[in-house]
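Each chain, letter by letter, is given below.
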Amino acid sequence: MNAPIPSPDTLPVAWNWLQGLLMLMFPLHLLLMNAMLGFTAVSLYARMKGGETDERLAHELAKALPVLIAIAINFGVAALLFLQVLYGQFFFTSSVLMAVFWLSVPLILIVAYYAAYLYDFRFATLGKRGALPIALTLIGFLGIAFIYTNNNTLMLEPQRWVAYFSNRGGTMLNTGSSATWPRYLHFMTGGFAAGGLFVALFGRFKERRDPPLGARAVKLGMNLFTTLTLLQIAVGFWFFIALPRAVMLLFLGGSVTATALLAVGLTLALAALAAGFKRSVVLSAALTIPLVFVMAFMRDAVRTGYLKPFFTPDMLKVAPEYSPVVLFFITLMAGIVTIVWMLRKTARVYRTII
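Residues numbered from 1 in each chain as written. Predicted model: local features only at pLDDT ≥ 70, side-chain atom pairs only at ≥ 80, totals over all residues. Heavy atoms only, no water.

Focus: the pattern of salt bridges
Part 1: Evaluation of the coordinates by the stated rule reveals 9 salt bridges.
Part 2: Of the charged contacts in the structure, one is a salt bridge between glutamate 52 and arginine 56, with a shortest N-O distance of 2.5 Å. One end of the pair, glutamate 52, and the other, arginine 56, are both in helix 2 (residues 52-97), 4 residues apart, so they sit about a helical turn from each other.
Part 3: When its relative accessible area of 26% is taken as the criterion, arginine 56 is described as partly exposed.
Part 4: Several salt bridges converge on common partners, so that one network encompasses Glu52, Arg56 and Asp210. (Salt bridge = Lys/Arg side-chain N within 4 Å of Asp/Glu carboxyl O. Helix = DSSP H or I, 4+ residues; strand = E, 2+ residues; numbered from the N terminus. Buried < 20%, exposed > 50% of the residue type's maximum accessible area, 1.4 Å probe, protein only.)

Right, here's the structure in full:
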């Protein structure tokens, strides 16, 4: 039985513009999300480890978490907006099929966000219970990522939508797909690995004012980065062979662009790993940041390969209406200016405190 795919909406501008914005916003969201995961995990570990330096490191990372979460959410909303505009007939359908889980995301996020604030503001008074709120935050992030992975894989497999007729309660998940679990583990290992690198960069920043704390952050962050990057490469191979044959072959010569992305991605990953083993924090970051963008483009190639039998973005009709796009760019620039101003103010206050 073939699933009925809704008709797409018209676009206000050519799809290339919206695709370009998606491919800009999503990698930025990934980088911020990775930093958020790394700060959360290392802070939890340091808090549980104990000791004077680890306690101070856990607290310093805790102070940055609320700001990181807020900025990551904003960039994530922008990326989700463009995904919905371009692939709405698939994304909205999968969201409805798993509506109970999808609608729980804001609630989970609110709880995780509140726990991060509690962990920061009550760090000194929580005592031995201090690990509980940050553990709750981390569990919330992992749960949200799992829900998003299910949604993003379910939207790519319309043939699975017919399961609705045996599950009309909005509780469908796509765990039966061969790609769901390796995709989730691939992105999570990569997220924590890059997050460890951000912790190490934070340590480099702190080394001049607090050498013991900075050195500890670098050690923990780089250990996390190298270990999980190795694991991510292994999980990435599992994810690759779990893809449908037609999609997998795109990266093996079937598409020049997809094949080149795979080659560049592997090269950058191995180079970043080598730099990580040498404890070269800045070089590792300089290689990892473009790697995240390459991986985002690879993800887009996978999405295109999955949906090609049903849809390609150039099929979308355009009804020119430029005012929403102009308003978005104005709002985007105002938002960026506001974020930069906020970060500068925060950094100034932070330097005053320490």
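Observations regarding the nonpolar core
Soluble, globular proteins show a tendency: their nonpolar side chains are buried together.
Part 1: Counting 107 residues, the largest nonpolar core has Leu22, Leu57, Leu243 and Phe251 as the members making the most contacts within it.
Part 2: Here this core gets 20 residues from one element, more than from any other, and that element is helix 2. (Core = buried A, V, L, I, M, F, W, Y, C linked by side-chain atoms within 4.5 Å.)

Side note on the environment of leucine 22
Part 1: Here leucine 22 is to be found in helix 1 (residues 15-49).
Part 2: With 267 residues separating them in the primary sequence, leucine 22 and isoleucine 289 have C-alpha atoms 17 Å apart.
Part 3: If we ignore the near neighbours within four places in the chain, the residues touching leucine 22 are Pro27, Ala79, Phe82, Leu83, Leu86 and Arg303. (Contact = heavy atoms within 4.5 Å.)

As for a nonpolar patch on the surface
Part 1: Together, Trp181, Leu185, Phe237, Trp238 and Ile241 give the surface a local cluster of nonpolar side chains, amounting to about 510 Å² of exposed area.
Part 2: Mapped by element, the contributors of at least two residues to the nonpolar patch are helix 6 (180-206) and helix 7 (211-242).
Part 3: When residues of the nonpolar patch are assigned to their parent elements, the largest contribution, 3 residues, is made by helix 7.
Part 4: When you line up the elements, tryptophan 181 lands in helix 6.
Part 5: According to the relative accessible area criterion, tryptophan 181 is partly exposed, its value standing at 38%. (Patch = residues over 30% accessible without salt bridge, like charges linked within 9 Å, V, L, I, M, F, W, Y side chains within 5 Å. Areas by Shrake-Rupley, 256 points an atom, 1.4 Å probe, with all protein chains shown as cover.)

Things to note about helix 1
Part 1: The terminal C-alpha atoms of helix 1, which comprises 35 residues, lie 50 Å apart, in line with the 51 Å expected from a rise of 1.5 Å per residue.
Part 2: Within helix 1, 26 of the 35 residues are buried, which leaves the element mostly enclosed by the surrounding structure.
Part 3: Taken from the residues just after helix 1, glycine 50 is the one with a positive phi, measuring 80 degrees. (Expected span 1.5 Å × (residues − 1).)

Topic: the packing of helix 7 against helix 10 (residues 281-307)
Part 1: The contact between helix 7 and helix 10 brings their axes to 13 Å, and the two run at 40 degrees. When the axes of helix 7 and helix 10 are compared, the pair comes out oblique. Crossing of helix 7 over helix 10 shows left-handed handedness. Residues Val218, Met222, Phe225 and Gln232 of helix 7 lie in contact with helix 10, whose contacting residues are Val281, Ser284, Thr288 and Met295.
Part 2: Looking at the contact of helix 7 with helix 10 residue by residue, the class counts come to 5 nonpolar, 3 polar and no charged. (Axes fitted to C-alpha atoms, helices over the stretch in contact; angles between N-to-C directions. Parallel < 35°, antiparallel > 145°, perpendicular 65-115°, else oblique. Left-handed = near helix turned anticlockwise from the far one by under 90°. Nonpolar A, V, L, I, M, F, W, Y, C, P; charged D, E, K, R; others polar.)

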